[in-house]
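Residue-level structure breakdown
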Amino acid sequence: MFEFLRHKKGPVICQRQDHCISRKNIDPDALKVLYRLNSLGYKAYLVGGGVRDLLLGRAPKDFDVGTDAKPNEVKRAFRNCFLVGRRFRLAHVRFGQKVIETATFRANSQSVGDIIEHADEGPMEDNTFGTPETDANRRDFTVNGLFYDIKTFAVIDYVGGFKDLKKKVIRSIGDPMIRFREDPVRMMRAIKFSSRLDFDIERKTAKAICALHSCILNAAKPRVCEEVFRLFSYGSSEKAFRMMWKCGMLHDLLPGLSDYITKSGGLKSPEWKYLAMLDRYDRGMAKHGIEVSNAIRVAALYAPYIRGERAAAGRNAGGVARQILGDMVKTLGVPKTTYFTAVVLCDSERRLSQPPQRGHLRFVRNKDFPDALDYNRIVARVEGRDETVLDKWADACEKQPTDETRK
Ligand code: ATP
Ligand code: MG
């Protein structure tokens, strides 16, 4: 797939004819930013996950630009540009709702985690800017360190990313023991990319995760919480949470859930069936451009644990859910709205197990009803239960007058 030329002392360059990235697959607004910077004489590269996904034939989630233009120079180049971030200034070039993040090449001296976690300490020195090479080296994994140059249409590889894309491997750039201590969130990112892309984690990188997993507790809660939810994206949560459990990081973050998995059979725990079904559901919805909500994800993640506790204690699902899911709020800072909706979903199982009757119809007007229906379908499918009753609830919902017709 890839033919490369190694220059005497420098990056591996993969020329246009030897890779599959076509401008047709790049967002037209990202192309506008790249062309404009290039026409002003600056280096303009597509960077990070966008290049990785294009080389893999996948549709990138976002397109980020790297350049040697300083933030002020980028601002001058675009009327629709805003500088954000106090320590490391990033340029956001806006096209309606869309933002093309445009960053000046950075030196290797500071991790992304540091920049985010010490964001209020004032602006960084100019010497934090770097070259394309230092910018590639400060990134997390080799497959995320590739650049696509709009001037030559070549892909530039300073870090061995081509080789690893071909081998389907997630490998830390630099010593993983150092890189993960520097920013522990990178360990979760390794797990996310491995499960999402179906890549192996390289041996030294995996060993470092096993050794350092508990450092995740040193990272800022909102970043960890965000990465936990990203583990669900692209319908790959089963694989991701298996890895999280096996390496011990799930125990660091969600000890109750991790203990439940261990006690209920480990690799054979019912947990995995629920997540596998959530993934199938998620992939089905994604085909219609719909994303499963975080509340459904939380409820499905905890469903077998809550159901087990409820059966053992003879308590109602709502009470058990409130208590167990409360852990997630405490340790991860999950937003309260997600927590409350997840509790409603767990509690809805009893109600949605009976056909809808007059007195219950108010529930179909509840804002959480569509999520409750989805969640109950996931649970019914895991248990091989018939969905006729749920179909009746869906019908009842369709027949309900909307707010418009009620007026
Ligand atoms: P996704 O498809 O999920 O957006 P991505 O690789 O684009 O994946 P982002 O979080 O958007 O991930 O980050 C963009 C790029 O910034 C990454 O590809 C990587 O090169 C770099 N990066 C992000 N987070 C870190 C980090 N914690 N440490 C080092 N580099 C990072
Ligand atoms: Mg991205």
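Numbers given for residues are sequential positions, taken from 1 along each chain in its written order. Chain letters start at A and ligand numbers start at 1, both assigned in the order the entries are written. Note on the predicted model: pLDDT of at least 70 is required for a residue's local features to be given, and 80 or more for side-chain atom pairs to be given and counted; whole-chain, interface and lining totals, by contrast, use all residues. To get the side-chain values, all heavy atoms of the structure are used, and hydrogens and water are removed first.

On to the site of ligand 1. Here, proximity means that at least one heavy atom of the residue falls within 4 Å of the molecule or strand. Taken together, 19 residues are adjacent to ligand 1, and Arg52, Asp183, Arg186, Arg189 and Arg196 come closest. Whenever two N or O atoms come within 3.5 Å, that pair is a polar contact, provided that in protein one can donate a hydrogen and the other can accept it, and provided that, for residues adjacent in sequence, both atoms are side-chain atoms. The side chain of Lys61 places a nitrogen or oxygen atom 3.1 Å from an oxygen atom of ligand 1. Here an oxygen atom of ligand 1 and a backbone polar atom of Asn144 are 3.0 Å apart. With residues, only the protein chains shown are counted as cover, and all accessible areas are computed by Shrake-Rupley using a 1.4 Å probe. Its free accessible area being 590 Å², ligand 1 has 90% of it covered by the protein chains. It is helix H8 (residues 185-197) that provides the largest number of residues to the shell around ligand 1, a total of 5 residues. Polar here means any residue other than Ala, Val, Leu, Ile, Met, Phe, Trp, Tyr, Cys and Pro, which are nonpolar, and Asp, Glu, Lys and Arg, which are charged; Gly is therefore polar. The class makeup of the residues in the shell around ligand 1 is 2 nonpolar, 3 polar and 14 charged. Think of it this way: any DSSP run of H or I at least four residues long counts as a helix, any run of E at least two long counts as a strand, and we number them from the N terminus.

A few words now on the domain arrangement of the chain. How big an interface is tends to be stated in terms of the accessible area lost upon association of its parts. Each domain's extent was defined by an automatic or database domain assignment. When cut into domains, the chain gives domain 1 (1-169) and domain 2 (233-399). Put simply, the middle of domain 1 and the middle of domain 2, counted by C-alpha atoms, are 38 Å apart.

A few words on the pattern of salt bridges. For salt bridges, the criterion is a side-chain nitrogen of Lys or Arg within 4 Å of an Asp or Glu carboxyl oxygen. This structure, assessed with the given rule, holds 29 salt bridges. Note that Arg186 and Glu182 form a salt bridge whose closest N and O atoms lie 2.7 Å from each other. According to the relative accessible area criterion, Glu182 is partly exposed, its value standing at 30%. Measuring nitrogen to oxygen at the nearest pair gives 3.1 Å for the salt bridge that ties Asp183 to Arg223. Placement of Asp183 in the loop between helix H7 (176-182) and H8 and of Arg223 in helix H10 (residues 221-230) is noted, with a sequence separation of 40 residues between them. Just as Asp183 is buried, Arg223 falls in that class too. Several salt bridges share partner residues, and in doing so they unite Asp140, Arg189, Lys192, Glu226, Glu227 and Arg230 into one network. Each residue gets one of three labels from its accessible area relative to the maximum for its type: buried under 20%, exposed over 50%, partly exposed in between, using a 1.4 Å probe on protein chains only.

For the rest of this paragraph, the subject is the confidence of the model for the chain. Residue-level pLDDT values for the chain average 90, and 91% of them are 70 or greater. Note on scores: pLDDT gives the predictor's confidence for each residue, bounded by 0 and 100. The contact criterion used is simple: two residues touch if any of their non-hydrogen atoms lie within 4.5 Å. Under a pLDDT of 50 for its full length, residues 403-407 has, in the predicted model, 2 contacts with residues more than four places off or in other chains.

Here the focus is helix H19 (residues 388-399). With 12 residues, H19 should cover 16 Å at 1.5 Å per step; its first-to-last C-alpha distance of 17 Å lies within 8% of that length. If you check which residues of H19 are buried, you get Leu390, Trp393, Ala394 and Ala396. On an axial view of H19, the arc spanned by its buried residues comes to 160°, and they lie on one face. Opposite the buried face of H19, by more than 90 degrees, sit the exposed residues Glu398 and Lys399. Contact partners of the buried residues in H19: helix H17 (336-351) and helix H18 (369-382). Multiply 1.5 Å by the residue count of a helix minus one, and that product is the helix's expected span. Think of the arc as the fan of directions from the helix axis to the C-beta atoms.

This paragraph deals with the side chain of Thr128. On the secondary structure map, Thr128 appears in the loop between helix H4 (112-117) and helix H5 (132-137). Using a relative accessible area of 10% as the deciding quantity, one classes Thr128 as buried. With sequence-adjacent residues up to four places away left out, Thr128 is seen in contact with Phe88, Phe105, Arg106 and Ala107.

Turning our attention to the packing of H10 against helix H16 (residues 317-332). Convention adopted: a line fitted to C-alpha atoms gives each axis, helices being fitted over their contacting stretch, and angles between N-to-C directions are expressed from 0 to 180 degrees. For the pair H10 and H16, the least separation of the axes is 9 Å and the interaxial angle reads 130°. Classified by the angle between their axes, H10 and H16 sit oblique to one another. Seen from H10, the contacting residues are Lys221, Val224, Cys225 and Val228; seen from H16, they are Lys330, Thr331 and Leu332. A per-class count over the contact of H10 with H16 returns 4 nonpolar, 1 polar and 2 charged. In what follows, roughly perpendicular refers to angles from 65 to 115 degrees, roughly parallel to angles under 35, roughly antiparallel to angles over 145, and oblique to any angle outside these ranges.

Next up on the list: the pairing of strand E8 (residues 146-149). Going residue by residue along E8, you find Leu146 and Tyr148 tucked away on one face and Phe147 and Asp149 tucked away on the opposite face as well. Think of it this way: DSSP has to see at least two bridges between two strands before they count as a pair. The pairing of strand E3 (residues 44-47) with E8 spans 3 bridges and is antiparallel. Within E8, the position partnered with Tyr45 by the bridge is Asp149. With 3 bridges joining them, E8 and strand E9 (residues 155-157) adopt antiparallel strand pairing. Considered in E9, the bridge of Phe147 is made with Ile156.

Glancing now at the environment of Arg223. Among the residues examined, Arg223 registers a relative accessible area of 13% and is labelled buried. For Arg223 and Arg315, which are 92 residues apart along the polypeptide, the C-alpha to C-alpha distance reads 34 Å.

As a further point, take the pairing of E3. Of the two faces of E3, both are covered, the one formed by Ala44 and Leu46 as well as the one formed by Tyr45 and Val47. Both E3 and strand E4 (residues 64-67) contribute to a ladder of 4 bridges, which runs antiparallel. Bridging from a neighbouring strand, Val47 pairs with Asp64 of E4.

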